[in-house]
Amino acid sequence: GGMCMLKEEADYDSFFEDTLKAGHYENDKKSVELMIRGSVEVVEELLKYGAVFQRDESGALDFTREGAHSQKRIIYHEDTTGKEITSTLLKEVKKRGNIELLEYTTMLDIITCENVCYGAVIENAQGAIEMVEADYVVMATGGVGGLYKHSTNFPHLTGDGLAIAIRHGIVLKDESYVQIHPTTFYS
């Protein structure tokens, strides 16, 4: 639906409290602070890259209110904000000469030594197994909805990244906190 953004400093305390309340006060407070404080810079960068968000009559960002928020602080692009953000970022990535996209590739394992990750073992689009090394590795696999009998997520989102992390002793936090989105009612 949308993305939260701190509109003005006077809203910080309310934004912080709304976020904690939505997380049943189990949130990591430092992470909440970083998210709120960084939201303006993130939105400015997305706009610089060409992301389009709804505007009001005067041309300013239009804010709406969504679940758990007591104030209007959600920017949006129709009802496809996530698609707008990811497609904008993908266009930006494709402009960068220092980033190589490996499409239709599956991560099979990570390469580690003495508790340091040096890359991944992958299966490429042609089915060949390769090793990819990197100076820095960010493991952002997401997608566990396919593990559930009933989910609106694609069935191929099976949590393989989490399984690899567990196998390598990577500490996970709140891995049972799963939001199935879009939300539906099943009877």
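Here we summarise the structure given alongside this text. Since the model is a prediction, treat every value here as computed from it, not as a measurement.

Comments concerning the pattern of salt bridges
Throughout the structure, instances matching the rule amount to eight salt bridges. As a salt-bridge pair, Asp11 and Arg73 come within 2.7 Å of each other at their nearest N and O atoms. Placement of Asp11 in the loop between β1 (3-4) and α1 (12-22) and of Arg73 in the loop between α2 (29-49) and β2 (74-75) is noted, with a sequence separation of 62 residues between them. Each member of the pair, Asp11 together with Arg73, is buried. Residue Arg73 is joined to Asp18 by a salt bridge in which the shortest nitrogen-to-oxygen separation is 2.7 Å. Of this pair, Arg73 sits in the loop between α2 and β2 while Asp18 sits in helix α1, and the two are 55 residues apart along the sequence.

Description of the pairing of strand β4 (residues 116-123)
With seven bridges joining them, strand β3 (residues 106-113) and β4 adopt antiparallel strand pairing. Bridge pairing in β4 places Ile111 opposite Gly119. Hairpin geometry of β3 and β4 is characterised by an intervening segment of two residues between the two adjacent antiparallel strands and by a positive phi of about 50 degrees at Glu114. Here β4 pairs with strand β5 (residues 129-133) via five bridges, running antiparallel. Note that in β5 the partner of Glu123 across the bridge is Ile129.

Here we look at a nonpolar patch on the surface
Taken together, Leu90, Ile99 and Leu101 make up a surface patch of nonpolar side chains, about 230 Å² in accessible area. Mapped onto the secondary structure, Leu101 falls in the loop between α3 (81-95) and β3.

Quick notes on α3
Taking 1.5 Å of rise per residue, the 15 residues of α3 would be expected to cover 21 Å, and the 22 Å separating its terminal C-alpha atoms lies within 8% of that figure. Those residues of α3 lying buried are Thr81, Glu84, Ile85, Thr88 and Glu92. Buried residues along α3 cover an arc of 95 degrees about the axis, so they all sit on one side. When the buried face of α3 is taken as reference, the exposed residues oriented beyond 90 degrees from it are Lys83, Thr86 and Lys94. Of the surrounding elements, those touching the buried residues of α3 are β1, α2 and β2.

Let's talk about the packing of α1 against α2
In the contact formed by α1 and α2, the axes pass within 10 Å of each other and the chain directions differ by 130 degrees. When the axis of α1 is compared with that of α2, the two are oblique. The chirality of how α1 crosses α2 is right-handed. Packed against α1, whose contacting residues are Tyr12, Phe15, Phe16, Thr19 and Leu20, the element α2 presents Lys29, Val32, Glu33, Met35, Ile36 and Arg37 at the interface. For the contact of α1 with α2, the per-class residue count stands at seven nonpolar, one polar and three charged.

Points about the packing of aromatic side chains
Using the criterion set out here, one finds one aromatic pair in the structure. Arranged with centres 5.8 Å apart and planes meeting at 35 degrees, the rings of Tyr12 and Phe16 form a pair that is tilted. Of this pair, Tyr12 and Phe16 both sit in helix α1, four residues apart, which is roughly one turn of that helix. The ring of Phe63 carries the charged tip of Lys7 above its face, separated from the ring centre by 4.9 Å.

Considering the side chain of Asn124
Residue placement: Asn124 occurs in the loop between β4 and β5. Of the polar contacts made by the side chain of Asn124, one reaches the backbone nitrogen of Gln126; its length is 2.9 Å. In this structure, Asn124 is in contact with Tyr104, Thr105 and Glu130, ignoring residues within four places of it in sequence.

Rules of the game
Residues numbered from 1 in each chain as written. Predicted model: local features only at pLDDT ≥ 70, side-chain atom pairs only at ≥ 80, totals over all residues. Heavy atoms only, no water. Salt bridge = Lys/Arg side-chain N within 4 Å of Asp/Glu carboxyl O. Helix = DSSP H or I, 4+ residues; strand = E, 2+ residues; numbered from the N terminus. Buried < 20%, exposed > 50% of the residue type's maximum accessible area, 1.4 Å probe, protein only. Pairing = 2+ DSSP bridges. Patch = residues over 30% accessible without salt bridge, like charges linked within 9 Å, V, L, I, M, F, W, Y side chains within 5 Å. Areas by Shrake-Rupley, 256 points an atom, 1.4 Å probe, with all protein chains shown as cover. Expected span 1.5 Å × (residues − 1). Arc of directions from axis to C-beta. Contact = heavy atoms within 4.5 Å. Axes fitted to C-alpha atoms, helices over the stretch in contact; angles between N-to-C directions. Parallel < 35°, antiparallel > 145°, perpendicular 65-115°, else oblique. Left-handed = near helix turned anticlockwise from the far one by under 90°. Nonpolar A, V, L, I, M, F, W, Y, C, P; charged D, E, K, R; others polar. Phe/Tyr/Trp six-rings, centres within 6.5 Å; stacked < 30°, edge-to-face > 60°. Lys NZ or Arg CZ within 6 Å of the ring centre and 35° of its normal. Polar contact = N/O pair within 3.5 Å; in protein donor to acceptor, adjacent residues only side chain to side chain.

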